[in-house]
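Inside the fold
Chain by chain, the residues:
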Amino acid sequence: MKNFLSKIDWVMLLSMILLFSIGLLMIYSTSVGDSDKTNYLLRQSIYAALGLVVFYFISITDIRIFINSSYWLYGGLIILLLITFIIGLETRGSVRWIDLGFFTIQASEIAKPILILFFTNFFINNSPTRIRNILISLFFIFIPMAFVFKQPDLGSAMVLATVWLSLVYLSGIKFKDLIALIVLALVFLPFGLSLLKTYQRDRLLSFLNPEADPLGTGYNLVQSIIAVGSGQFFGKGFGRGTQSHLNFLPEQKTDFIFATTAEELGFIGVCLIVILFGILLWRIIVAGNKSHSKAGALICYSSAV
């Protein structure tokens, strides 16, 4: 324990705890008036506590154990994504969660750290300077991306693609091969768009111009903009957000928690959150710079991306 305390990055840990605390505070705020407000707070508190426990155990474990186990973890991830389609909970037309009774897990979230470990291991042993290795890695990222996209969860699928692309770049891909990948992606972009469901295409278009359909596809974004703007400099105060508490703003506790925070805590509160995230990313990059192994550096840098 003493060894752990002497090596821990206290700045990183403090920024994490402060972000946890603000998140819990805002979840409680949005739950004011709900009959099950304690349930939301308790559940997120458990997740935060578990996160800190996992942080501790990973910190005292040799990174090589995770690297060497990454292929098994990848296989387990694929199985978990398959199981999601069989026993997963359907919420608003999407099947993303597995209910374990006392809590639920989302395989697409677990996929992010596992794929960082997997592709770190892959590119250390198979340099992306060879086009063959890039194509093989493309196959490995396609499988989990296809499963996540099928749930459907376009956002998470795009995040998984970013994980792969960041590690391809950080591992030392040739510049000409990087340009070729970008051109290839642009060529297949129309085909990819054709695979999207109508509501997914509408969301992409509404992101570019939410005012085109403010009561339809652009409603969520318009309401979030109103919430952020109405917070002004100091915010409306804890538990006093009208956009969230009058249910104009959808998914206040999850997708639009940032807009809720901006409404209640204002520009000052938002700046604090951005600064804390900036500190966290900075310390992750510093950890990567201090790493004595290429694998450790790649894991830190890709996590920061």
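Below you will find a few notes about this structure.

Scoring rules and cut-offs
- Residues numbered from 1 in each chain as written.
- Predicted model: local features only at pLDDT ≥ 70, side-chain atom pairs only at ≥ 80, totals over all residues.
- Heavy atoms only, no water.
- Helix = DSSP H or I, 4+ residues; strand = E, 2+ residues; numbered from the N terminus.
- Rg over C-alpha atoms; globule rule 2.2 N^0.38 Å.
- Contact = heavy atoms within 4.5 Å.
- Areas by Shrake-Rupley, 256 points an atom, 1.4 Å probe, with all protein chains shown as cover.
- Lys, Arg positive; Asp, Glu negative; His and termini not counted.
- Charge placed at Lys NZ, Arg CZ, Asp CG, Glu CD.
- Core = buried A, V, L, I, M, F, W, Y, C linked by side-chain atoms within 4.5 Å.
- Buried < 20%, exposed > 50% of the residue type's maximum accessible area, 1.4 Å probe, protein only.
- Salt bridge = Lys/Arg side-chain N within 4 Å of Asp/Glu carboxyl O.

1. Looking at the overall build of the chain
Counting secondary structure elements, the chain contains 14 helices and three strands. By the compact-globule yardstick of 19 Å for 305 residues, the chain fits well, its C-alpha radius of gyration being 21 Å. If you line up the chain on its principal axes, its C-alpha atoms span 55 × 55 × 40 Å. Contacts in the chain between residues at least 24 apart in sequence constitute 64% of all its contacts with a sequence separation of at least 6. A total accessible area of about 17,900 Å² is found for the chain, and carbon and sulfur atoms account for 70% of it. Looking at the chain, you have 22 positive and 16 negative side-chain charges, and the mean spots of the two groups are 12 Å apart.

2. Considerations on the nonpolar core
By size, the foremost hydrophobic cluster in this structure holds 33 residues, and its most contacted members are Leu115, Phe119, Phe123 and Trp164. Looking at this core, the elements that each hand over two or more residues are helix 5 (70-87), helix 6 (107-125), helix 7 (131-150), helix 8 (154-170), helix 9 (175-195) and helix 14 (294-304). Among residues more than four places away in sequence, those in contact with Leu115 are Tyr74, Leu77, Ile141, Pro144, Leu160, Val163 and Leu167. By size, the runner-up hydrophobic cluster in this structure holds 14 residues, among which are Ile8, Met12, Leu13 and Leu276.

3. Comments concerning the pattern of salt bridges
Counted by the stated rule, this structure contains four salt bridges. Here Asp9 ties to Arg283 by a salt bridge, and the two come within 2.8 Å at their closest N and O atoms. Of this pair, Asp9 sits in the loop between helix 1 (2-7) and helix 2 (10-30) while Arg283 sits in helix 13 (residues 257-290), and the two are 274 residues apart along the sequence. This pair shows no difference in class: Asp9 is buried, exactly as Arg283 is.

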